[in-house]
Amino acid sequence: MLWGVLHMDDDQYMEEAFGLAERGRGGTHPNPLVGAVLVKGGEVVGRGWHLAPGRPHAEANALAEAGERARGATLYCTLEPCSHHGKTPPCAEALVAAGVARAVVALQDPNPQVNGRGVEKLRAGGLAVELAAGKWTARARAQNGPFLKYHRTGLPQVTYKAAITLDGKVAAGGGDARWISCLDSRRAVHGLRSEVDAVMVGAGTVRRDDPELTVRLVDGRDPVRVVVTHDGTLPADAKLLATARRTRTIVVAGEASASAKRLLQARGAELIEAGDGGLRGALEALASLGLLDILCEGGPTLAGGLLSEALIDRVLLFVAPLFIGRGAPDLFAAPAVDAVGRAWRLHDVEWRRVCDDLLLSGSLSSEEA
C-alpha cells in the first residue's frame with residue numbers, strides 16, 4: 001500500500017538513512033537494523049541509527065539530535081517506527097509529540113507488536129505518512145533479511161559459506177583444507193563472522209579441523225559459536241570448548257549423553273537438546289535465543305542436510321583456481337537429483353574477484369519462503 005506521493009529529494013535522504021542503519025550491523029540482534037534522518041527546509045537536522053537492544057531506537061536518536069528543529073520536519077526511516085512499549089518507549093508517539101510533519105518509511109515492520117500500528121499512530125497524530133515502494137522496499141528487505149525471515153517462519157536466515165576448488169572439492173583426499181582460499185578471502189570470511197549473530201559447524205568439522213571460529217584477521221567482535229551434533233560428543237581438548245567461557249559457545253544435540261553433558265558443563269558451553277526436531281528444530285531453538293543471522297561453515301554432511309531440507313537461504317562460495325581430483329570431499333553430501341531440471345539453482349547471482357579467487361553469492365530461497 002502506498003500513502004501519498006514521494007518527493008524528488010526523498011531518494012537522497014532515504015539513501016542516507018540506509019547508510020546509517022548499517023552502522024549497527026553486528027550489534028542489534030535480535031532487533032532489526034534501522035536508520036533515520038530528519039530533514040527540515042532542505043537541511044538534515046537529525047540523524048540516528050539503532051545500535052543494540054535496550055538502546056534508543058534510530059528515530060529517538062534522530063529526535064534527540066534535532067531537538068526543537070524536529071517540529072515540522074520530515075522523517076526518513078528504513079523501517080516502520082515502533083508503536084509499543086518494550087525496552088524503550090514507542091517511537092511513533094515520540095515523533096507525534098515532537099511535531100514531525102511527514103514520514104517516509106521504507107518498509108512496514110512485520111513484528112506482530114507493530115505491523116502497521118506505527119503508521120496508524122503517526123497518521124492519527126497528524127503526520128502525512130508515505131510507505132516507499134519499489135527499490136527502497138527491496139533494499140529494506142535485503143538489509144533486514146534475518147529479521148524478516150524470523151517473523152515469517154520462526155527460523156533464522158542461514159548463509160552457507162565454503163571455499164571450493166574448480167572441481168568442487170572442499171578438502172584434499174586426506175581431509176586437509178588449509179588453505180584452499182587465499183588470504184584476502186579468509187579476511188573476508190572473518191569480516192562476515194563479525195557481522196552475523198552466530199557461526200555454525202558440525203561435530204565432524206570440530207574433530208577434523210579443530211577451528212576457533214573467532215574474528216582474528218580483521219577488527220570486529222566474535223560471533224556466538226554453534227556446534228551441531230547427534231549426542232553432544234566433542235573432543236575434550238577442542239579449541240571451541242577450551243575457550244567457551246570467553247566466547248559464547250552453544251552445542252545443539254538431539255539428545256546428549258550423560259558424559260557429554262558433564263564435559264560441556266565443565267567447559268562452560270551451553271547445551272540445547274532439540275529432540276526429534278532435527279536440523280529445523282535446532283534452527284528454531286537458535287532463533288528463539290535471538291540468533292537470527294547464522295553463517296554456516298560446516299562440512300559436506302551438515303551442508304548437505306541443510307540443503308536437502310531447504311534450510312539454506314544464501315550461498316557464498318570462494319572458488320579457488322585449484323584442482324584436487326576424484327575421491328576428495330564434495331561441497332554437499334546430499335543425494336544427487338535425477339534430472340538437471342530438479343537441481344538446486346541459485347538466484348540473484350553475483351561474482352566478484354577476491355585476489356585469485358572468485359566469490360560467488362546467490363540466494364537459494366525466495367523472499368517469501
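Quantities reported herein were computed from a predicted structural model and do not represent experimental measurements.

### A look at the sheet that holds strand 2 (residues 43-49)
Next up, step 1: Sheet architecture is open: five strands sit in the order 2-1-3-4-5, paired in mixed fashion. In this open sheet, the two edge strands, each paired with only one partner strand, are strand 2 and strand 5 (128-131). With strand direction ignored, the average angle separating the axes of adjacent strands in the sheet is 15°.
Next up, step 2: Bridge analysis of strand 1 (residues 35-40) against strand 2 gives six bridges, and the strand direction is antiparallel. Each bridged residue has a counterpart across the sheet, and for Lys40 the counterpart in strand 2 is Glu43.
Next up, step 3: Strand contacts of helix 2 (residues 58-66): strand 1, strand 2 and strand 3 (74-77), with the helix running at about 140° to strand 2, the strand carrying the most contacts.

### Things to note about the sheet that holds strand 6 (residues 157-164)
Next up, step 1: Read from one edge of the open sheet, nine strands run 10-9-8-7-11-6-12-14-13, paired in mixed fashion. Here the strands that pair on one side only, and so sit at the sheet edges, are strand 10 (270-273) and strand 13 (347-354). Between one strand axis and the next, the sheet turns by 20° as a mean value, whatever way the strands run.
Next up, step 2: On top of the sheet, helix 11 (residues 278-288) reaches strand 6, strand 7 (198-202), strand 8 (224-229), strand 9 (249-253), strand 10 and strand 11 (293-296); it is set at about 145° to strand 9, its chief contact.

### Re the packing of helix 1 (residues 10-21) against helix 5 (residues 135-143)
Next up, step 1: Across the interface, helix 1 lies against helix 5 with an axial gap of 12 Å and an inter-helix angle of 0°. By the angle class used here, helix 1 and helix 5 are roughly parallel. Of the residues in helix 5, those in contact with Asp11, Met14, Glu15, Phe18 and Ala21 of helix 1 are Lys135, Trp136, Arg139, Ala140 and Gln143.
Next up, step 2: Broken down by class, the residue content of the contact of helix 1 with helix 5 amounts to five nonpolar, one polar and four charged.

### What to know about the pattern of salt bridges
Next up, step 1: All chains considered together, the criterion is met by 17 salt bridges.
Next up, step 2: A salt bridge links Lys261 to Glu273; the shortest N-O distance between them is 3.7 Å. Of this pair, Lys261 sits in helix 10 (residues 258-267) while Glu273 sits in strand 10; the two residues are twelve residues apart in sequence, bridging distant segments of the chain.

### Focus: the environment of Trp351
Next up, step 1: Along the chain, Trp351 falls in strand 13.
Next up, step 2: The exposure class of Trp351 is exposed, given its relative accessible area of 54%.
Next up, step 3: On a C-alpha basis, the gap between Trp351 and Leu316 in space is 9.9 Å, while along the polypeptide they are 35 residues apart.
Next up, step 4: With residues up to four places along the chain from it excluded, the contact list for Trp351 reads Val319, Leu358, Leu359 and Leu360.

### As for the nonpolar core
Next up, step 1: Ranked by internal contacts, the top residues of the largest apolar core, which has 38 residues, are Met14, Val37, Leu38, Leu75, Tyr76, Val100 and Leu122.
Next up, step 2: Among all residues touching Leu38, those that are not within four sequence positions of it are Glu43, Val44, Val45, Gly46, Ala62, Leu63, Ala66, Ala70, Ala73, Thr74, Leu75 and Val100.
Next up, step 3: Of all hydrophobic cores here, the second largest spans 33 residues; its members include Val228, Leu279, Ala303 and Val319.

### Comments concerning unusual backbone geometry
It is generally the case that most residues other than glycine have a negative phi and that most peptide bonds are trans.
Next up, step 1: Here His29 and Pro30 are connected by a cis peptide whose omega angle stands at 5°.
Next up, step 2: Locating Pro30 in the fold gives a position in the loop between helix 1 and strand 1.
Next up, step 3: The linkage connecting Arg178 with the following residue, Trp179, adopts the cis geometry, with an omega of -5°.
Next up, step 4: Of note, Trp179 is situated in the loop between strand 6 and helix 7 (183-195).
Next up, step 5: Located in the positive-phi region is Asp210, a residue other than glycine, with phi close to 45°.

### Side note on the state of the cysteines
Next up, step 1: Counted under the stated rule, the structure contains one disulfide.
Next up, step 2: The disulfide bridge from Cys182 ends at Cys355, spanning 1.6 Å between sulfur atoms. In this pair, Cys182 sits in the loop between strand 6 and helix 7 while Cys355 sits in the loop between strand 13 and strand 14 (357-363), placing the two residues 173 residues apart along the sequence.
Next up, step 3: Given a relative accessible area of 17%, Cys182 falls into the buried group.
Next up, step 4: For the unlinked cysteine Cys82, the closest cysteine sulfur is that of Cys91, found at 3.8 Å.

### Remarks on the side chain of Arg102
Next up, step 1: For Arg102, the position within the fold is in strand 4 (residues 102-105).
Next up, step 2: A polar side-chain atom of Arg102 sits 2.8 Å from a polar atom in the side chain of Asp10.

Reading guide: rules and limits
Residues numbered from 1 in each chain as written. Predicted model: local features only at pLDDT ≥ 70, side-chain atom pairs only at ≥ 80, totals over all residues. Heavy atoms only, no water. Pairing = 2+ DSSP bridges. Helix = DSSP H or I, 4+ residues; strand = E, 2+ residues; numbered from the N terminus. Axes fitted to C-alpha atoms, helices over the stretch in contact; angles between N-to-C directions. Contact = heavy atoms within 4.5 Å. Parallel < 35°, antiparallel > 145°, perpendicular 65-115°, else oblique. Nonpolar A, V, L, I, M, F, W, Y, C, P; charged D, E, K, R; others polar. Salt bridge = Lys/Arg side-chain N within 4 Å of Asp/Glu carboxyl O. Buried < 20%, exposed > 50% of the residue type's maximum accessible area, 1.4 Å probe, protein only. Core = buried A, V, L, I, M, F, W, Y, C linked by side-chain atoms within 4.5 Å. Disulfide = S-S within 2.5 Å. Polar contact = N/O pair within 3.5 Å; in protein donor to acceptor, adjacent residues only side chain to side chain.

Bear in mind that shape data such as this cannot, by itself, settle questions of function.
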